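Observations on the three-dimensional arrangement
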Amino acid sequence: MVEETKPAEDHDATNIDQPWRHDNQAWWDWYVSLADNEARREALIELEPLPQIALPSDAALADELRTPYPLSDVDRQFFAENGFVKLKAALSAGAVLKLRRELLQRLSDAFETRLDGGAQNRFLSLEMLWLDNPLIRAFVLSPRMAQIAADLLSTPRVRLYHDNVLSKEPGCGRTPWHYDDHHFPLATHDVVTAWIPAQPIPREMGPLAFAKPIDAYKLVEDFVFNKSDTSYDRSILEKFRAESVEIEDGPFEMGEVSFHHNLSFHTAEANRTRRSRIVLANTYYADGARILDNPTMVSGDWLKFIPGGRPGGLAASALNPICWPVDPDAK
């Protein structure tokens, strides 16, 4: 089990210039500690059982994941204005439940615990599972998901930055307000993350919540990040309230998937249910993007995702395949 780790390299709480020196789980343990949580303890609620349905075969799932999604002009316009879009029925219920079964197993094995209650108050994370798991690879490299990403960014080719399996366990508190531009070491704004819930997410479970419109980031882009306490998250929340920023925090239906731009400010409330809130998040970016000149600790273990990358160089390692358009010769 990974121990919780917080940065302690210096005494300046605003200095993030040094690289992250721990693993991915330690990064998440640190990061969620920066969320301002109200001092309240509510009993966790029991949810209705997930549906018991026949799961698709691997062949049927592969066919679904390469079938184009009918993205509308309304979807594209909404994304352009607000920096995110939630797409209903982006996946079938069978595909979602098959994904959940696999992710539950991988998380349970990695953390040596039972999910859905066995790791209360934690935010668990695994990444790069696509490299050795054929089912997860099908979701991460999915032409259906990658084409949506490319169409929303209006770019002809997108690469994978990395996958991230995120499990907000029962009782785990808020995710701090942030935008991904702060986290990715990519010198481009042509970046989008597909956030794929592995179950329905009612409000009590803490669905992803987005500030509208996309320009909301300009209200807080000059706020100084603090790596040691909750002041950054709290300041953003107070500013958004003062400016009456609209927040989309509705539930996710089974099969609903969101796509958010790297300038979209977002958060998520606590998981107040007894079920793990499991999500597969895949981040794609425009082919040709370069790495920032000075990546920081907020980018985490970014060389794991772009091995051999160097500041200022192209973000195009062997672990950043082009996911759209599909290479017909790719194996």
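Now for a quick tour of the structure.

About the cut-offs
Residues numbered from 1 in each chain as written. Predicted model: local features only at pLDDT ≥ 70, side-chain atom pairs only at ≥ 80, totals over all residues. Heavy atoms only, no water. Helix = DSSP H or I, 4+ residues; strand = E, 2+ residues; numbered from the N terminus. Buried < 20%, exposed > 50% of the residue type's maximum accessible area, 1.4 Å probe, protein only. Lys, Arg positive; Asp, Glu negative; His and termini not counted. Salt bridge = Lys/Arg side-chain N within 4 Å of Asp/Glu carboxyl O. Polar contact = N/O pair within 3.5 Å; in protein donor to acceptor, adjacent residues only side chain to side chain. Contact = heavy atoms within 4.5 Å. Pairing = 2+ DSSP bridges. Axes fitted to C-alpha atoms, helices over the stretch in contact; angles between N-to-C directions. Core = buried A, V, L, I, M, F, W, Y, C linked by side-chain atoms within 4.5 Å. Phe/Tyr/Trp six-rings, centres within 6.5 Å; stacked < 30°, edge-to-face > 60°. Lys NZ or Arg CZ within 6 Å of the ring centre and 35° of its normal.

1. Focus on the side chain of Asp-163
- Positionally, Asp-163 belongs in strand 3 (residues 158-168).
- Put simply, Asp-163 is tucked away with no salt bridge, and the nearest opposite charge, on Arg-106, sits 8.5 Å away.
- A polar contact is formed between the side chain of Asp-163 and the backbone nitrogen of Leu-129, at a distance of 3.0 Å.
- Setting aside its immediate chain neighbours within four residues, Asp-163 contacts Glu-127, Met-128, Leu-129, Trp-130, Ile-136, Val-140, Leu-280, Ala-281 and Asn-282.

2. Section: the sheet that holds strand 6 (residues 208-212)
- Spatial ordering of the open sheet is given by 4-9-6-7, a layout of four strands whose pairing is antiparallel. Unpaired on one side and paired on the other, strand 4 (175-178) and strand 7 (246-248) mark the two borders of the sheet. When the angles between neighbouring strand axes are averaged without regard to direction, this sheet yields 25°.
- In this structure, strand 4 lies alongside strand 9 (residues 266-268), joined through two bridges in antiparallel fashion. Bridge pairing in strand 9 places Thr-175 opposite Ala-268.
- Sitting on the sheet, helix 7 (residues 231-242) touches strand 4 and strand 6, and the angle it makes with strand 4 is about 60°.

3. Focus on the pairing of strand 5 (residues 191-197)
- Taken across its seven residues, strand 5 has seven buried, putting it largely inside the fold.
- Neither face of strand 5 is open: one carries Val-191, Thr-193, Trp-195 and Pro-197, the other Val-192, Ala-194 and Ile-196, and all of them are buried.
- Here seven bridges tie strand 5 to strand 10 (residues 277-286), and the two strands are oriented antiparallel to one another. By the bridge assignment, Ala-194 is partnered in strand 10 with Asn-282.
- One ladder, built from four bridges, connects strand 5 with strand 8 (residues 257-261); its direction is antiparallel. Along strand 8, the bridge assignment pairs Thr-193 with His-260.

4. Examining the nonpolar core
- Among the nonpolar cores identified, the biggest contains 57 residues, and Leu-91, Phe-139, Phe-259 and Tyr-284 are the most heavily contacted of them.
- Among all residues touching Leu-91, those that are not within four sequence positions of it are Glu-64, Leu-65, Val-96, Phe-139, Met-145, Ile-196, Gly-255 and Val-257.
- Membership of the second largest hydrophobic core comes to 38 residues, among which are Ile-16, Ala-216, Tyr-232 and Val-298.

5. Thoughts on the packing of aromatic side chains
- Tallying each qualifying case throughout the model produces 18 aromatic pairs.
- Seen in terms of ring centroids, Trp-27 and Trp-28 are 5.1 Å apart; in terms of plane orientation they differ by 80°. Their pairing is edge-to-face. A single burial state applies to Trp-27 and to Trp-28, both of which are buried.
- Members of the aromatic cluster, connected to one another through ring pairs, are Trp-20, Trp-27, Trp-28, Trp-30, Tyr-31, Phe-123, Phe-225 and Tyr-232.
- The cationic tip of Lys-86 hangs over the ring face of Phe-252; the distance from NZ or CZ to the ring centre is 4.1 Å.

6. A closer look at the pairing of strand 10
- Burial analysis of strand 10 places 10 of its 10 residues in the buried class, which makes it a mostly covered element.
- With 10 bridges connecting them, strand 3 and strand 10 associate as antiparallel partners. Its bridge partner being in strand 10, His-162 is matched across the sheet by Thr-283.

7. Digging into the environment of Ser-108
- With respect to the secondary-structure elements, Ser-108 resides in helix 4 (residues 93-111).
- Excluding residues that lie within four positions of it along the chain, Ser-108 makes contacts with Thr-113 and Leu-115.

8. What to know about the pattern of salt bridges
- For the structure shown, the criterion picks out 20 salt bridges.
- Put simply, Arg-76 and Asp-73 hold a salt bridge, and the shortest N to O gap is 3.3 Å. Note that Arg-76 and Asp-73 are positioned in helix 3 (residues 73-82) at a spacing of three residues, about one turn of the helix.
- Classification of Asp-73 as exposed rests on a relative accessible area of 64%.
- Between Asp-287 and Arg-159 there is a salt bridge, with its nearest N and O atoms 2.8 Å apart. Here Asp-287 is found in the loop between strand 10 and helix 8 (302-305), whereas its partner Arg-159 is found in strand 3, with 128 residues between them in sequence.

Fair warning: the whole summary comes from geometry, so function is off the table for now.
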